[in-house]
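Residues per chain, in single letters:
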Amino acid sequence: MSRAPAIEAVDVSRTYQLDGVSVPALRGVSLTVEAGDYVALIGPSGSGKSTLMHLLGGLDRPSGGRLVIGGREVGTLTAPELARLRNETIGFVFQAFHLLPRTSAVDNVALPLVYRGVSARQRRERAAAMLGRVGLGHRLHHRPNQLSGGEQQRVAIARALVTDPTVLLADEPTGNLDSTTGAAVLELLERLNGESGVALVMVTHDAEVAARARRRIAMRDGVVVADSAAESGSTEVADGGAGA
Ligand SMILES: Nc1ncnc2c1ncn2[C@@H]1O[C@H](COP(=O)(O)OP(=O)(O)OP(=O)(O)O)[C@@H](O)[C@H]1O
Ligand SMILES: [Mg+2]
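J.: I would appreciate a short explanation of the sheet that holds strand E1 (residues 7–18) in the present structure.
T.: Whenever strands of a sheet pair, they do so through backbone hydrogen bonds, lying parallel or antiparallel. Strand order in the open sheet formed by four strands is E2-E1-E4-E5, with antiparallel pairing between adjacent strands. Lying at the two open borders of the sheet, with one neighbouring strand each, are strand E2 (21–33) and strand E5 (72–73). Relative to E5, strand E4 (residues 64–69) is paired through two bridges, and the arrangement is antiparallel. If you follow Val-68 over to E5, its bridge partner there is Glu-73. Its contacts with the sheet put helix H1 (residues 49–56) on E1, E2 and E4, and the angle it makes with E2 is roughly 60°.

J.: Even after reading the chapter, I still don't get helix H3 (residues 105–114), so can you show me in this structure?
T.: Note on helix geometry: an α-helix contains 3.6 residues per turn, so any two residues three or four positions apart are oriented the same way. Of all the 10 residues making up H3, seven are buried; the element is thus mostly covered by neighbouring parts of the structure. Every buried residue of H3 is listed here: Ala-105, Val-106, Asn-108, Val-109, Ala-110, Pro-112 and Leu-113.

J.: Sorry if this is basic, but what is going on with the sheet that holds strand E7 (residues 167–171) here?
T.: Taken together, six strands build an open sheet; the order of strands is E6-E7-E8-E3-E9-E10 and the sheet is mixed. Edge strands, defined here as strands with exactly one partner in the open sheet, are strand E6 (90–94) and strand E10 (223–227). Within the sheet, the average angular offset between the axes of one strand and its neighbour, ignoring direction, is 20°. Across five bridges, the pairing between E6 and E7 is parallel. The residue bridging Gly-91 from the neighbouring strand is Leu-168, located in E7. The sheet strands contacting helix H5 (residues 149–161) are E6 and E7, and the helix crosses E6 at an angle near 165°. Each of strand E3 (38–42), E7 and strand E8 (199–203) touches helix H6 (residues 179–196); the most contacted strand, E8, lies at about 155° to it.

Analysis parameters
- Residues numbered from 1 in each chain as written.
- Chains lettered and ligands numbered in written order.
- Predicted model: local features only at pLDDT ≥ 70, side-chain atom pairs only at ≥ 80, totals over all residues.
- Heavy atoms only, no water.
- Pairing = 2+ DSSP bridges.
- Helix = DSSP H or I, 4+ residues; strand = E, 2+ residues; numbered from the N terminus.
- Contact = heavy atoms within 4.5 Å.
- Axes fitted to C-alpha atoms, helices over the stretch in contact; angles between N-to-C directions.
- Buried < 20%, exposed > 50% of the residue type's maximum accessible area, 1.4 Å probe, protein only.

Laid out in structure tokens, this is it:
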């Protein structure tokens with residue numbers, strides 16, 4: 001519990017500009033992702049979930065408010081500094097797996113390590129080991145179109161985790177999978193959260209999936225309307241009350 005929060009957002013807003021019109025996608029969101037957390041992010045289509053995920057992962061910057069990722073305030077960072085922070089801290093998994101199509105599984109997974117200055121040989125070793133952890137040690141040299149949907153998503157998960165991030169952000173990771181395959185991917189994410197302590201923040205439209213998370217955050221119209229952690233007080237209580 002004494003570990004620093006992985007991500008802190010305070011009154012964060014994001015307004016898109018589209019053809020001269022302002023689209024307020026986030027209107028003042030405050031939340032803390034604790035180290036090792038397991039959060040389900042829910043809410044209707046258009047409520048701002050993906051926008052928030054992009055901000056939490058440093059893929060985008062807030063229009064207002066304060067955002068701290070891995071102890072660094074995003075607003076003070078240059079673009080290269082933010083890219084580096086993202087590479088060191090965050091793993092992403094998307095609904096559409098976003099793998100390089102003409103590249104083998106092992107090279108897809110090794111890619112984030114290129115930006116770390118890891119040697120080619122070590123990259124392949126670490127990527128192969130990570131693919132082993134997601135149950136794909138026998139598929140290292142398959143290209144994405146030679147893999148099933150569930151296997152492709154497991155490659156994407158391995159790629160997200162090969163850098164040993166503190167936070168894994170997954171935006172509807174089971175959205176393109178049948179229910180059985182989706183359940184297997186979800187079990188994998190939960191196992192990795194339990195084993196390695198990577199904080200997991202997952203967008204889902206599935207109430208059963210959301211019910212499995214330790215914490216649920218609900219959004220509507222660009223604001224957080226419910227946060228089970230805040231309700232129970234479990235992560236909000238400060239230590240300072242003892243002497244009062
Ligand atoms: N690049 C953009 N330019 C303009 N408006 C955008 C842009 N991206 C998103 N929006 C708008 O911002 C709002 C929030 O979008 P967002 O993608 O965050 O919703 P979401 O909760 O992820 O929805 P879904 O469940 O459908 O994925 C929507 O009204 C959307 O139309
Ligand atoms: Mg979305």
